Amino acid sequence: MQVVRDVEALKTETSGEGVVGFVPTMGALHEGHLSLIRQAAGLARPVVVSLFVNPTQFGPGEDFARYPRQLDADVEMAAEAGAEVVFAPSVETMYPPGEETPVPPLPEVATRPGLEDAHRPGHFAGVCQVVARLFDLVLPRFAVFGEKDYQQLLVIRAMTVQESDRWPGLEIITGRTIREPDGLAMSSRNAYLDAGQRKQALALSRGLQSAQSAASPGEAETIMLRALETGGLSADYAVVRDAETLLPIESFSRPARGLIAARVGNIRLIDNMGMEV
Ligand code: PAF
């Protein structure tokens, strides 16, 4: 396992014969990330995992400063899951001072749905900026993104289609959401929850699960909102949307996705599930 911090060393580690698999992360790895790394290892060698808490995707007042950072533990876990290279750059390596790091044109799914785009203005500009820069540096054949960040997955997929000349042959692979035994979706932000909040947080997965038996998107949304209210959470949104465009739908005639963002105290959590047609 090689831990590299600069672009030259990364190029040395990735310029061999193999096909590069890539798992971009912000570190604080958990079983959800490890399953993405294992998935990448089943497709490609070498597997590169990036650990970089990207400042440009956090808004003012968000948790950039307190986001958990644990490099040594992350390196060990990534290696055990099958990574050959950990890329842990500094902010200066990712965004060289005096050079512009362009934000690619944002696809519609990053600007129209009124979900993370509306509640975290500037977030997807930062995500696309850092992911595009990482793709330029790592040049992966496969990049694995978790379904837990469902809108992000669709945004990256759409950006990759839009910029297909820039990263020829790059395939975005979907990793399923890994859950705790009681249903809570794994997330680095779960580390912020105290015991009471951890219980309250179950309202997201339980609300989504109950909503799966609804007859209409409207009924599903009512069920999810009620679950959040009962758990004492405050909802940013609890919606059922077209699974591809994330735009509103009237009926379950097309694949649909339930998506929730809610706050337990000042901790913001997201989750989503497919809604059966
Ligand atoms: O999902 C994440 O952890 C981040 O948004 C990503 C894709 C690593 C970009 O910083």
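Rules behind the numbers
- Residues numbered from 1 in each chain as written.
- Predicted model: local features only at pLDDT ≥ 70, side-chain atom pairs only at ≥ 80, totals over all residues.
- Heavy atoms only, no water.
- Helix = DSSP H or I, 4+ residues; strand = E, 2+ residues; numbered from the N terminus.
- Rg over C-alpha atoms; globule rule 2.2 N^0.38 Å.
- Buried < 20%, exposed > 50% of the residue type's maximum accessible area, 1.4 Å probe, protein only.
- Contact = heavy atoms within 4.5 Å.
- Areas by Shrake-Rupley, 256 points an atom, 1.4 Å probe, with all protein chains shown as cover.
- Pairing = 2+ DSSP bridges.
- Arc of directions from axis to C-beta.
- Axes fitted to C-alpha atoms, helices over the stretch in contact; angles between N-to-C directions.
- Parallel < 35°, antiparallel > 145°, perpendicular 65-115°, else oblique.
- Left-handed = near helix turned anticlockwise from the far one by under 90°.
- Nonpolar A, V, L, I, M, F, W, Y, C, P; charged D, E, K, R; others polar.
- Near = heavy atom within 4 Å.
- Polar contact = N/O pair within 3.5 Å; in protein donor to acceptor, adjacent residues only side chain to side chain.
- Expected span 1.5 Å × (residues − 1).

A. Representation of the overall build of the protein chain within the structure. Assigned secondary structure in the protein chain consists of ten helices and nine strands. A compact globule built from 277 residues should have a C-alpha radius of gyration of about 19 Å, and the protein chain, at 19 Å, falls within 12% of that. Principal-axis analysis of the C-alpha atoms gives the protein chain an extent of 55 × 40 × 40 Å. Classification of the 277 residues of the protein chain by burial places 56% in the buried group. Counted over contacts in the protein chain with a minimum sequence separation of 6, partners at least 24 positions apart contribute 71%. As displayed, the protein chain has an accessible area near 12400 Å², and 50% of this comes from carbon and sulfur atoms.

B. How the structure looks around the pairing of strand S7 (residues 234-242). The buried fraction of S7 amounts to seven of the nine residues, a majority that puts the element mostly inside the structure. Where S7 meets strand S8 (residues 256-264), eight bridges bridge the pair, whose relative direction is antiparallel. Residue pairing in the sheet places Asp242 in a bridge with Ala256 of S8.

C. Fine view of helix H3 (residues 71-81). Along H3, the positions that sit buried rather than exposed are Asp74, Val75, Ala78 and Ala81. In an axial view of H3, the angular spread of the buried residues amounts to 135°, which keeps them on one side of the axis. H3 presents Asp72, Glu76 and Glu80 as exposed residues on the side facing more than 90 degrees away from its buried surface. On its buried face, H3 sits against strand S1 (2-4), helix H2 (31-41), strand S3 (47-51) and strand S4 (85-87). The positive-phi residue at the C-terminal boundary of H3 is Gly82, with phi of around 120°.

D. A look at the sheet that holds strand S6 (residues 171-175). Pairing is parallel in the open sheet, where six strands are placed in the order S1-S4-S3-S2-S5-S6. The sheet is open, and its two edges are formed by S1 and S6, each paired on a single side. Adjacent strand axes in the sheet meet at a mean angle of 25° when their direction is disregarded. Relative to S4, S1 is paired through three bridges, and the arrangement is parallel. Following the sheet pairing, Val3 is matched in S4 by Val86. Here H2 sits on the sheet and contacts strand S2 (21-25), S3, strand S5 (142-146) and S6; the angle it forms with S5, its principal contact strand, is near 155°. Packed onto the sheet, helix H6 (residues 123-138) meets S2, S3, S4, S5 and S6 and runs at close to 150° relative to S2.

E. Quick peek at the packing of H2 against H3. Relative to each other, H2 and H3 sit at 40°, their axes nearing to 8 Å. One element, H2, and the other, H3, form an angle in the oblique class. Our pair here, H2 against H3, has a crossing hand that is right-handed. For the pair H2 and H3, the contacting residues are Leu34, Ile37 and Arg38 in the first and Met77, Ala78 and Ala81 in the second. Partitioning the contact of H2 with H3 into residue classes produces five nonpolar, no polar and one charged.

F. Representation of the site of the ligand in the model. The immediate surroundings of the ligand are formed by Pro24, Thr25, Met26, Gln57, Val130, Phe145, Asp149 and Gln152. Within the side chain of Gln57, an N or O atom sits 2.6 Å from an oxygen atom of the ligand. Protein contacts shield 89% of the accessible area of the ligand, which totals 290 Å² for the unbound molecule. Taken together, the residues of the shell around the ligand break down into four nonpolar, three polar and one charged.

G. Summary view of helix H10 (residues 217-231). Given a rise of 1.5 Å per residue, 15 residues ought to cover 21 Å, and the 21 Å separating the end C-alpha atoms of H10 matches this to within 8%. Turning to H10, its buried residues number three or more, namely Pro217, Ala220, Met224 and Leu228. Down the axis of H10, the buried side of the element spans an arc of 70°, and every buried residue falls inside it. Exposed residues on H10 whose side chains face more than 90 degrees from its buried face are Arg226, Glu229 and Thr230. Phi turns positive one or two residues past the end of H10, at Gly232, with a value near 80°.

H. A look at the side chain of Gln129. Tracing the sequence through the fold places Gln129 in helix H6. Under the relative-accessibility criterion, Gln129 is labelled buried at 11%. If sequence neighbours within four positions are ignored, Gln129 has contacts with Thr56, Tyr95, Thr101, Pro102, Val103 and Pro104.

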